[in-house]
Amino acid sequence: MKIAQVAIAKDEEKNLEDCFGRISDICDYRILVDTGSSDNTVSKAKEMGIDVYDFEWINDFAAAKNFALSKIPNDTDWVIFLDLDEYFDDKSAKNLKSMLESATKSDLKFDGIITPIYNIDDNNEIISVIANISPRIFKWQKGLSFESSIHESLSLNGGNVVVIKTNPEIKIIHTGYRKSDFIGKNKSKRNCDIIAKKIEKEPDNIDLIVQWADSALAGGDYANSKLMYCKATMLINEKTSEFTKNSIFRNLMNIIAREENDSDISRIDQFLWAYRYAKNLNPRNPDWDYLLGLFAHDMGMQNTAIIALMTARSLSLTFDDFVEVYYNDERVKKILKDYNALEE
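Residues numbered from 1 in each chain as written. Predicted model: local features only at pLDDT ≥ 70, side-chain atom pairs only at ≥ 80, totals over all residues. Heavy atoms only, no water.

Draft legend 1. Examining helix H4 (residues 90-105) more closely. Remark: the principal bend of H4, roughly 45°, maps to Leu 96. Of the positions making up H4, those classed as buried are Ser 92, Ala 93, Leu 96, Met 99, Leu 100 and Ala 103. (Bend = angle between axes of the 7 residues up to and from the residue. Helix = DSSP H or I, 4+ residues; strand = E, 2+ residues; numbered from the N terminus. Buried < 20%, exposed > 50% of the residue type's maximum accessible area, 1.4 Å probe, protein only.)

Draft legend 2. Region of interest: the sheet that holds strand S10 (residues 144-147). The three strands are arranged S10-S11-S12 in an open sheet whose pairing can be described as antiparallel. This sheet does not close on itself; its edge strands, each paired only once, are S10 and strand S12 (159-160). Note that strand S11 (residues 153-156) and S12 share two bridges and pair antiparallel. By the bridge assignment for S12, Leu 156 is matched with Gly 159. (Pairing = 2+ DSSP bridges.)

Draft legend 3. Spatial organisation of the packing of aromatic side chains. Under the criterion given, the structure shown has seven aromatic pairs. Here Phe 81 and Phe 146 contribute two aromatic rings whose centre-to-centre distance is 5.2 Å and whose plane-to-plane angle is 75°, an arrangement assigned as edge-to-face. On the criterion of sequence distance, the pair formed by Phe 81 in strand S4 (residues 78-81) and Phe 146 in strand S10 is long-range, its members being 65 residues apart. Neither residue differs from the other here; Phe 81 and Phe 146 are each classed as buried. Judged by centre distance (4.2 Å) and plane angle (5°), the rings of Phe 271 and Phe 295 are stacked. (Phe/Tyr/Trp six-rings, centres within 6.5 Å; stacked < 30°, edge-to-face > 60°.)

Draft legend 4. Looking closely at the environment of Ile 114. On the secondary structure map, Ile 114 appears in strand S6 (residues 112-114). Its relative accessible area of 7% is what places Ile 114 among the buried residues. For the pair formed by Ile 114 and Pro 135, sequence separation is 21 residues and the distance between their alpha carbons is 5.1 Å.

Draft legend 5. Looking closely at the sheet that holds strand S13 (residues 163-165). Read across the open sheet, the seven strands follow the order S3-S2-S1-S4-S9-S6-S13; overall the sheet is mixed. For this open sheet the edge positions go to strand S3 (51-54) and S13, each flanked by a neighbour on one side alone. Taken pair by pair, the neighbouring strands of this sheet meet at an average axis angle of 25°, ignoring direction. Note: S6 against S13, three bridges, orientation parallel. In the sheet register, Gly 112 faces S13, and the bridge partner there is Val 163. Where H4 meets the sheet, its contacts fall on strand S1 (3-9), S4, S6 and strand S9 (137-139), and the angle it forms with S4 comes to roughly 135°. (Axes fitted to C-alpha atoms, helices over the stretch in contact; angles between N-to-C directions. Contact = heavy atoms within 4.5 Å.)

What follows is the structure, encoded as C-alpha coordinates:
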(Lines give C-alpha, C1' and ligand atoms only; values in the text may rest on other atoms or scores of the structure.)
Protein backbone atom coordinates (compact mmCIF):
# COMPACT_ATOMS: atom_id res chain seq x y z
CA MET A 1 0.00 0.00 0.00
CA LYS A 2 1.46 3.33 -1.10
CA ILE A 3 0.30 6.68 0.25
CA ALA A 4 0.80 10.13 -1.28
CA GLN A 5 0.31 13.33 0.68
CA VAL A 6 -0.47 16.30 -1.55
CA ALA A 7 -1.14 19.99 -0.87
CA ILE A 8 -1.13 23.40 -2.49
CA ALA A 9 0.36 26.37 -0.69
CA LYS A 10 1.23 30.03 -0.66
CA ASP A 11 3.24 31.50 2.22
CA GLU A 12 2.64 28.55 4.52
CA GLU A 13 6.14 27.85 5.88
CA LYS A 14 4.97 27.84 9.51
CA ASN A 15 2.36 25.15 8.81
CA LEU A 16 4.53 22.71 6.88
CA GLU A 17 5.79 20.79 9.88
CA ASP A 18 2.32 20.14 11.30
CA CYS A 19 0.66 19.39 7.97
CA PHE A 20 3.41 17.22 6.44
CA GLY A 21 5.70 16.33 9.30
CA ARG A 22 3.19 14.52 11.49
CA ILE A 23 2.58 11.76 8.93
CA SER A 24 5.86 11.78 7.04
CA ASP A 25 6.69 8.27 8.26
CA ILE A 26 3.70 6.68 6.51
CA CYS A 27 3.80 8.57 3.21
CA ASP A 28 5.68 7.18 0.22
CA TYR A 29 5.25 10.37 -1.80
CA ARG A 30 4.96 13.97 -0.59
CA ILE A 31 3.98 16.62 -3.11
CA LEU A 32 3.59 20.38 -2.65
CA VAL A 33 2.37 22.74 -5.35
CA ASP A 34 3.40 26.31 -4.59
CA THR A 35 1.27 29.10 -6.06
CA GLY A 36 3.69 31.99 -5.54
CA SER A 37 5.06 32.07 -2.01
CA SER A 38 7.18 35.03 -0.93
CA ASP A 39 8.30 33.45 2.36
CA ASN A 40 10.42 30.30 2.89
CA THR A 41 7.70 27.79 2.03
CA VAL A 42 9.53 26.35 -0.98
CA SER A 43 12.99 26.11 0.60
CA LYS A 44 11.65 24.63 3.84
CA ALA A 45 9.54 22.07 1.96
CA LYS A 46 12.56 20.96 -0.03
CA GLU A 47 14.59 20.68 3.19
CA MET A 48 11.86 18.36 4.49
CA GLY A 49 12.24 16.15 1.42
CA ILE A 50 8.95 17.20 -0.16
CA ASP A 51 8.72 17.33 -3.96
CA VAL A 52 7.85 20.92 -4.87
CA TYR A 53 6.25 22.14 -8.10
CA ASP A 54 5.44 25.71 -9.14
CA PHE A 55 2.02 26.72 -10.42
CA GLU A 56 1.15 30.23 -11.57
CA TRP A 57 -1.89 31.39 -9.59
CA ILE A 58 -4.94 32.05 -11.79
CA ASN A 59 -7.60 32.63 -9.10
CA ASP A 60 -8.72 29.02 -9.34
CA PHE A 61 -8.15 26.55 -6.51
CA ALA A 62 -9.46 23.63 -8.53
CA ALA A 63 -6.92 24.29 -11.28
CA ALA A 64 -4.07 24.32 -8.76
CA LYS A 65 -5.29 21.15 -7.08
CA ASN A 66 -5.79 19.37 -10.40
CA PHE A 67 -2.21 20.28 -11.31
CA ALA A 68 -1.18 18.69 -8.01
CA LEU A 69 -3.16 15.54 -8.84
CA SER A 70 -1.25 15.28 -12.11
CA LYS A 71 1.99 14.86 -10.15
CA ILE A 72 0.84 11.80 -8.19
CA PRO A 73 2.65 8.59 -9.22
CA ASN A 74 0.49 5.92 -10.84
CA ASP A 75 1.31 3.26 -8.26
CA THR A 76 -0.27 5.31 -5.46
CA ASP A 77 -3.13 3.62 -3.56
CA TRP A 78 -4.27 6.41 -1.22
CA VAL A 79 -4.11 10.20 -1.41
CA ILE A 80 -4.16 12.50 1.61
CA PHE A 81 -4.97 16.02 0.39
CA LEU A 82 -5.04 18.44 3.31
CA ASP A 83 -5.05 22.22 3.28
CA LEU A 84 -1.87 23.62 4.86
CA ASP A 85 -3.82 24.92 7.85
CA GLU A 86 -4.99 21.37 8.61
CA TYR A 87 -3.20 18.47 10.30
CA PHE A 88 -3.88 15.16 12.02
CA ASP A 89 -3.63 15.19 15.79
CA ASP A 90 -1.08 12.87 17.42
CA LYS A 91 -3.46 9.97 18.00
CA SER A 92 -4.89 10.17 14.50
CA ALA A 93 -1.45 10.35 12.90
CA LYS A 94 -0.47 7.21 14.80
CA ASN A 95 -3.60 5.28 13.74
CA LEU A 96 -3.95 6.59 10.20
CA LYS A 97 -1.98 3.88 8.39
CA SER A 98 -3.79 1.02 10.12
CA MET A 99 -7.11 2.68 9.31
CA LEU A 100 -6.17 2.86 5.63
CA GLU A 101 -5.02 -0.76 5.66
CA SER A 102 -8.41 -1.78 7.05
CA ALA A 103 -10.19 0.38 4.48
CA THR A 104 -8.19 -1.26 1.70
CA LYS A 105 -9.44 -4.68 2.78
CA SER A 106 -13.04 -3.53 3.15
CA ASP A 107 -15.74 -4.99 0.89
CA LEU A 108 -17.53 -1.63 0.78
CA LYS A 109 -17.44 0.23 -2.51
CA PHE A 110 -16.34 3.82 -1.94
CA ASP A 111 -13.94 6.45 -3.27
CA GLY A 112 -13.11 8.56 -0.23
CA ILE A 113 -13.24 8.81 3.54
CA ILE A 114 -14.84 11.65 5.48
CA THR A 115 -13.30 12.50 8.85
CA PRO A 116 -14.39 15.04 11.46
CA ILE A 117 -12.63 18.40 11.16
CA TYR A 118 -12.10 20.27 14.42
CA ASN A 119 -11.97 24.05 14.05
CA ILE A 120 -9.85 25.47 16.86
CA ASP A 121 -9.09 28.99 18.07
CA ASP A 122 -5.90 30.66 19.30
CA ASN A 123 -6.26 28.90 22.66
CA ASN A 124 -6.50 25.51 20.91
CA GLU A 125 -10.10 25.24 22.07
CA ILE A 126 -12.71 23.69 19.80
CA ILE A 127 -14.93 26.18 18.00
CA SER A 128 -16.91 23.55 16.13
CA VAL A 129 -16.72 20.09 14.57
CA ILE A 130 -17.74 19.68 10.95
CA ALA A 131 -18.00 17.03 8.28
CA ASN A 132 -16.37 18.38 5.15
CA ILE A 133 -18.26 17.66 1.96
CA SER A 134 -15.05 16.91 0.06
CA PRO A 135 -12.94 14.02 1.40
CA ARG A 136 -9.37 14.74 2.49
CA ILE A 137 -8.53 11.04 2.12
CA PHE A 138 -9.39 9.18 -1.07
CA LYS A 139 -8.39 6.23 -3.25
CA TRP A 140 -6.17 7.11 -6.17
CA GLN A 141 -7.84 6.33 -9.49
CA LYS A 142 -8.24 7.74 -12.97
CA GLY A 143 -11.00 10.27 -13.47
CA LEU A 144 -10.52 12.19 -10.21
CA SER A 145 -10.60 15.99 -10.41
CA PHE A 146 -11.53 19.05 -8.40
CA GLU A 147 -14.35 21.33 -9.51
CA SER A 148 -15.23 24.97 -8.69
CA SER A 149 -12.67 27.75 -8.53
CA ILE A 150 -13.12 28.12 -4.75
CA HIS A 151 -14.46 25.79 -2.05
CA GLU A 152 -13.62 23.14 -4.58
CA SER A 153 -14.97 19.61 -4.30
CA LEU A 154 -13.63 16.28 -5.50
CA SER A 155 -15.41 14.52 -8.36
CA LEU A 156 -14.99 11.28 -10.25
CA ASN A 157 -15.55 11.37 -14.02
CA GLY A 158 -17.61 14.53 -13.52
CA GLY A 159 -19.90 12.99 -10.90
CA ASN A 160 -19.97 12.70 -7.14
CA VAL A 161 -17.49 10.55 -5.28
CA VAL A 162 -18.84 7.86 -2.96
CA VAL A 163 -17.69 8.47 0.59
CA ILE A 164 -17.84 6.66 3.90
CA LYS A 165 -17.36 8.06 7.38
CA THR A 166 -14.51 6.90 9.51
CA ASN A 167 -14.30 6.44 13.25
CA PRO A 168 -14.16 9.85 14.98
CA GLU A 169 -10.83 8.84 16.51
CA ILE A 170 -9.30 9.87 13.15
CA LYS A 171 -9.66 13.63 13.26
CA ILE A 172 -8.29 16.62 11.38
CA ILE A 173 -7.44 19.84 13.21
CA HIS A 174 -8.14 23.08 11.32
CA THR A 175 -6.42 26.28 12.47
CA GLY A 176 -7.76 28.59 9.76
CA TYR A 177 -10.02 30.53 12.13
CA ARG A 178 -7.15 31.52 14.41
CA LYS A 179 -6.46 35.24 14.34
CA SER A 180 -2.76 34.43 14.25
CA ASP A 181 -3.28 32.50 11.02
CA PHE A 182 -4.94 35.21 9.01
CA ILE A 183 -3.11 38.31 10.24
CA GLY A 184 -0.79 39.55 7.50
CA LYS A 185 -2.29 37.25 4.88
CA ASN A 186 -4.36 38.22 1.87
CA LYS A 187 -5.97 34.81 1.47
CA SER A 188 -9.33 35.93 2.84
CA LYS A 189 -9.58 38.98 0.58
CA ARG A 190 -8.46 36.93 -2.41
CA ASN A 191 -11.18 34.36 -1.78
CA CYS A 192 -13.85 36.98 -1.17
CA ASP A 193 -12.98 38.77 -4.40
CA ILE A 194 -13.28 35.54 -6.40
CA ILE A 195 -16.66 34.69 -4.88
CA ALA A 196 -17.99 38.26 -5.13
CA LYS A 197 -17.68 38.12 -8.92
CA LYS A 198 -19.87 35.02 -8.93
CA ILE A 199 -22.41 36.61 -6.59
CA GLU A 200 -22.79 39.52 -9.02
CA LYS A 201 -24.17 37.01 -11.52
CA GLU A 202 -26.17 35.00 -8.96
CA PRO A 203 -27.12 37.38 -6.10
CA ASP A 204 -29.49 34.89 -4.46
CA ASN A 205 -27.22 31.86 -4.62
CA ILE A 206 -27.12 30.81 -0.97
CA ASP A 207 -24.05 28.60 -1.41
CA LEU A 208 -22.02 31.50 -2.84
CA ILE A 209 -23.20 33.83 -0.08
CA VAL A 210 -22.16 31.32 2.58
CA GLN A 211 -18.82 30.77 0.87
CA TRP A 212 -18.21 34.53 0.90
CA ALA A 213 -19.17 34.71 4.58
CA ASP A 214 -16.89 31.75 5.39
CA SER A 215 -13.95 33.45 3.69
CA ALA A 216 -14.64 36.79 5.37
CA LEU A 217 -14.87 35.04 8.73
CA ALA A 218 -11.53 33.33 8.16
CA GLY A 219 -10.06 36.80 7.60
CA GLY A 220 -11.49 38.17 10.83
CA ASP A 221 -14.21 40.28 9.22
CA TYR A 222 -16.86 39.30 11.76
CA ALA A 223 -19.26 42.17 11.02
CA ASN A 224 -19.63 41.55 7.29
CA SER A 225 -19.57 37.77 7.60
CA LYS A 226 -22.39 38.05 10.15
CA LEU A 227 -24.43 40.17 7.76
CA MET A 228 -24.00 37.65 4.97
CA TYR A 229 -24.88 34.68 7.19
CA CYS A 230 -28.03 36.55 8.24
CA LYS A 231 -28.86 37.18 4.57
CA ALA A 232 -28.36 33.48 3.92
CA THR A 233 -30.91 32.55 6.61
CA MET A 234 -33.56 34.33 4.51
CA LEU A 235 -32.69 32.23 1.45
CA ILE A 236 -32.94 28.79 3.07
CA ASN A 237 -35.44 26.51 1.34
CA GLU A 238 -36.12 22.80 0.88
CA LYS A 239 -33.23 22.51 -1.60
CA THR A 240 -30.61 23.93 0.75
CA SER A 241 -28.10 21.26 1.75
CA GLU A 242 -27.59 20.26 5.37
CA PHE A 243 -23.94 21.22 5.05
CA THR A 244 -24.85 24.77 4.02
CA LYS A 245 -27.48 25.17 6.75
CA ASN A 246 -25.12 23.84 9.39
CA SER A 247 -22.33 26.15 8.22
CA ILE A 248 -24.62 29.18 8.42
CA PHE A 249 -25.76 28.67 11.99
CA ARG A 250 -22.57 27.16 13.38
CA ASN A 251 -20.56 30.18 12.28
CA LEU A 252 -23.27 32.71 13.05
CA MET A 253 -23.54 31.47 16.64
CA ASN A 254 -19.76 31.56 17.01
CA ILE A 255 -19.62 35.16 15.76
CA ILE A 256 -22.34 36.31 18.15
CA ALA A 257 -20.60 34.57 21.04
CA ARG A 258 -17.37 36.46 20.29
CA GLU A 259 -18.87 39.90 19.73
CA GLU A 260 -17.84 42.62 22.16
CA ASN A 261 -19.59 45.70 20.75
CA ASP A 262 -23.13 44.67 21.72
CA SER A 263 -24.70 44.57 25.16
CA ASP A 264 -24.99 41.21 26.93
CA ILE A 265 -28.77 41.31 26.56
CA SER A 266 -28.52 41.95 22.81
CA ARG A 267 -26.00 39.13 22.38
CA ILE A 268 -28.16 36.70 24.35
CA ASP A 269 -31.24 37.60 22.29
CA GLN A 270 -29.35 37.20 19.00
CA PHE A 271 -27.75 33.93 20.07
CA LEU A 272 -31.04 32.42 21.21
CA TRP A 273 -32.68 33.46 17.93
CA ALA A 274 -29.97 31.65 15.95
CA TYR A 275 -30.11 28.64 18.29
CA ARG A 276 -33.89 28.26 17.98
CA TYR A 277 -33.78 28.65 14.20
CA ALA A 278 -31.03 26.02 13.89
CA LYS A 279 -32.71 23.70 16.37
CA ASN A 280 -35.94 23.89 14.41
CA LEU A 281 -34.13 22.97 11.17
CA ASN A 282 -32.20 20.05 12.64
CA PRO A 283 -33.13 19.21 16.25
CA ARG A 284 -30.84 16.15 16.40
CA ASN A 285 -27.63 18.02 15.60
CA PRO A 286 -25.64 18.29 18.86
CA ASP A 287 -23.74 21.36 17.59
CA TRP A 288 -26.51 23.72 18.62
CA ASP A 289 -26.65 22.64 22.24
CA TYR A 290 -22.86 22.41 22.41
CA LEU A 291 -22.49 26.02 21.24
CA LEU A 292 -25.33 27.18 23.49
CA GLY A 293 -23.70 25.47 26.46
CA LEU A 294 -20.34 27.15 25.87
CA PHE A 295 -22.01 30.53 25.33
CA ALA A 296 -24.14 30.17 28.47
CA HIS A 297 -21.05 29.17 30.46
CA ASP A 298 -19.17 32.27 29.28
CA MET A 299 -22.20 34.44 30.14
CA GLY A 300 -22.52 32.98 33.64
CA MET A 301 -25.80 31.18 32.90
CA GLN A 302 -25.01 28.01 34.82
CA ASN A 303 -28.31 26.14 34.60
CA THR A 304 -28.62 26.76 30.86
CA ALA A 305 -25.01 25.68 30.32
CA ILE A 306 -25.53 22.42 32.22
CA ILE A 307 -28.74 21.51 30.40
CA ALA A 308 -27.35 22.40 26.96
CA LEU A 309 -24.03 20.56 27.38
CA MET A 310 -25.70 17.47 28.82
CA THR A 311 -28.08 17.53 25.85
CA ALA A 312 -25.16 17.86 23.40
CA ARG A 313 -23.44 14.86 24.99
CA SER A 314 -26.62 12.83 24.80
CA LEU A 315 -27.39 13.74 21.19
CA SER A 316 -23.85 13.02 20.07
CA LEU A 317 -24.28 9.37 21.06
CA THR A 318 -26.79 8.84 18.25
CA PHE A 319 -25.98 11.59 15.73
CA ASP A 320 -25.24 10.13 12.31
CA ASP A 321 -22.26 12.29 11.39
CA PHE A 322 -19.75 11.65 14.16
CA VAL A 323 -20.83 9.58 17.11
CA GLU A 324 -19.60 10.62 20.55
CA VAL A 325 -17.62 13.69 19.42
CA TYR A 326 -19.06 15.90 22.16
CA TYR A 327 -19.60 13.06 24.59
CA ASN A 328 -15.84 12.70 24.84
CA ASP A 329 -15.00 16.41 24.52
CA GLU A 330 -12.63 17.36 27.34
CA ARG A 331 -13.82 20.98 27.54
CA VAL A 332 -17.42 19.85 27.98
CA LYS A 333 -16.48 17.38 30.68
CA LYS A 334 -14.40 19.98 32.55
CA ILE A 335 -17.22 22.54 32.58
CA LEU A 336 -19.75 19.98 33.77
CA LYS A 337 -17.37 18.74 36.47
CA ASP A 338 -16.83 22.33 37.64
CA TYR A 339 -20.60 22.60 38.02
CA ASN A 340 -20.70 19.25 39.85
CA ALA A 341 -22.97 18.01 37.07
CA LEU A 342 -20.70 15.17 36.00
CA GLU A 343 -19.08 12.49 38.10
CA GLU A 344 -15.31 12.01 37.98
